[in-house]
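# Fold and geometry: a report
If you want the building blocks of each chain, they are given just below.
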Amino acid sequence: MFRRRARARSASATGADPDASTSAENPDPAVPSDEAGNPLEAYFTANPGRLIQKWVHYLDIYHRHLAGYRGRPVTVVEFGVSHGGSLQMWKHYFGPAARIVGVDIKPRCAALAEPQIEVMIGDQGDRTFLRYLAEEIGPCEVVIDDGGHTMAQQIATFEELWPGVVDGGVFLTEDTHTSYRPKWGGGYRRPGTFMEYAKSLIDQQNAWHSTEPEAFSVDDYTRTIRGMHFYDSVVVFDKAPVPRPHAVKTGTPSF
Ligand SMILES: C[S@@+](CC[C@H](N)C(=O)[O-])C[C@H]1O[C@@H](n2cnc3c(N)ncnc32)[C@H](O)[C@@H]1O
């Protein structure tokens, strides 16, 4: 039912040359060298490819958390394809060994596949689709949720994709300001919003120290969320095995 994966074998019809990114040094001459500063900003400003729509301050957050994956054979999944520009930006940023997978509800986005870029069509609010997707994609290093931004979509996407994120991987949920906007199901401290959900994950992260097991206790999130980073409109989750914390003393006592 969901088998609408488009895997390009030939050049796309964009103004950008998809094969230009085979050079790790300067994948696209239209984009200034990224030796200094944030290469995402350089790409976004010069954008030689398809249309991208991003809040500008996200570019710094991305580079801060994703730079370590550049030049590596990573699988990067982005929910929300729109015009396909951000998929091309990720291709440029992560380099020729990266596999970029875009996911969108609109069937027309399947046409935006190109070398290194796959597009899968489905509804991220549908957990059956998300489970199918996670199995199809396999382990991934980076997941970016820039899809429909409703509360149910953001929570379902995190819960269904998180298990497939590799140790050392990163999951970014963006446009979390929708948690404060009624149009998307948000409201200040409204139960059920993504931000309230994320705050509950802070509790789970600290569940090692719970003295109220009926209220909260160690679970898979406690054991796999190494860190959470809260920015305006973006939450970043770092994945790694988290052992039971322990304290030790070293050095000579002073008293
Ligand atoms: C903000 S745009 C994505 C922008 C794109 N990432 C960029 O940076 O240019 C949001 C996209 O999410 C898609 N979308 C909306 N609801 C969705 C859903 N339930 N499942 C999957 N995609 C959805 C829309 O079709 C739209 O293309």
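Owing to the predicted nature of the structure, the values given are computational and were not obtained by experimental measurement.

Across soluble globular proteins, you tend to see nonpolar side chains buried next to one another. In terms of nonpolar packing, the biggest core is built from 48 residues, with Val76, Val119, Val142, Val143 and Phe171 touching the most fellow members. The element that contributes the greatest number of residues to this core is helix α3 (residues 85-94), accounting for five residues. Leaving out residues up to four positions away in the same chain, Phe171 has contacts with Val143, Phe158, Leu161, Trp162, Val165, Phe237 and Lys239.

What follows covers the site of the ligand. Lining the immediate surroundings of the ligand are 21 residues, of which Gly80, Ser82, Ser86, Gln124 and Gly148 lie closest. Elements with a contribution of two residues or more to the shell around the ligand: β2 (75-79), α3 and β3 (99-104).

Let's shift gears to the packing of helix α1 (residues 39-46) against helix α2 (residues 58-66). In the contact formed by α1 and α2, the axes pass within 8 Å of each other and the chain directions differ by 140 degrees. The orientation of α1 with respect to α2, classified from their angle, is oblique. Side by side, α1 and α2 meet where Leu40, Glu41 and Phe44 of the first sit next to Leu59, Tyr62 and His63 of the second. Considering only residue class, the contact of α1 with α2 consists of four nonpolar, one polar and one charged.

Quick look at the packing of helix α4 (residues 127-137) against helix α5 (residues 151-161) now. Each pair of packed helices can be summarised by the angle the axes make with each other and by the distance between the axes. Here α4 crosses α5 at 35 degrees, and the two axes come no closer than 9 Å. Viewed along their axes, α4 and α5 form a crossing whose handedness is right-handed. The segment α4 lies against α5, with Arg127, Leu130, Arg131 and Ala134 engaging Ala156, Thr157, Glu160 and Leu161. Of the residues that constitute the contact of α4 with α5, the class distribution is four nonpolar, one polar and three charged.

We now examine α4. It helps to recall that an α-helix has 3.6 residues per turn; residues three or four apart then point in one direction. Regarding α4, the residues found buried are Phe129, Leu130, Leu133 and Ala134. Down the axis of α4, the sector holding all buried residues measures 135 degrees, keeping them to one side. In α4, the exposed positions that point more than 90 degrees away from the buried face belong to Thr128 and Glu135. Downstream of α4 by one or two residues, Gly138 has phi in the positive range, about 80 degrees.

Attention now goes to α5. Among all positions in α5, only Met151, Gln153, Gln154, Thr157, Phe158 and Leu161 are buried. Packed against the buried residues of α5 are β2, α4, β5 (140-145), β6 (165-174) and α6 (194-205).

Our next topic: the pairing of strand β8 (residues 234-239). Remark: a regular strand shows side chains that alternate across the two faces of the sheet. Counting buried positions over the six residues of β8 gives five, a clear majority of the element. The sheet contact formed by β6 and β8 spans five bridges and is antiparallel. Looking at the pairing, Leu172 lines up with Val236 of β8. Bridge count between strand β7 (residues 225-231) and β8: six bridges; the pairing is antiparallel. What sits directly across from His229, in β8, is Val236.

Glancing now at unusual backbone geometry. Not every positive phi belongs to a glycine, and Ser82 is a case in point at roughly 55 degrees. The residue Ser82 is located in the loop between β2 and α3 in this model. On the basis of neighbour count, Ser82 is assigned to the partly exposed category, with 19 C-beta atoms found within 10 Å. Backbone geometry places Gln116, a non-glycine residue, at a positive phi of 80 degrees. Mapping Gln116 onto the fold places it in the loop between β3 and β4 (117-121).

Here is what the cut-offs are and how they apply
Residues numbered from 1 in each chain as written. Predicted model: local features only at pLDDT ≥ 70, side-chain atom pairs only at ≥ 80, totals over all residues. Core = buried A, V, L, I, M, F, W, Y, C linked by C-beta atoms within 7 Å. Buried ≥ 20, exposed ≤ 12 C-beta atoms within 10 Å, placed from the backbone. Helix = DSSP H or I, 4+ residues; strand = E, 2+ residues; numbered from the N terminus. Contact = placed C-beta atoms within 7 Å. Near = placed C-beta within 6 Å. Axes fitted to C-alpha atoms, helices over the stretch in contact; angles between N-to-C directions. Parallel < 35°, antiparallel > 145°, perpendicular 65-115°, else oblique. Nonpolar A, V, L, I, M, F, W, Y, C, P; charged D, E, K, R; others polar. Left-handed = near helix turned anticlockwise from the far one by under 90°. Arc of directions from axis to C-beta. Pairing = 2+ DSSP bridges.

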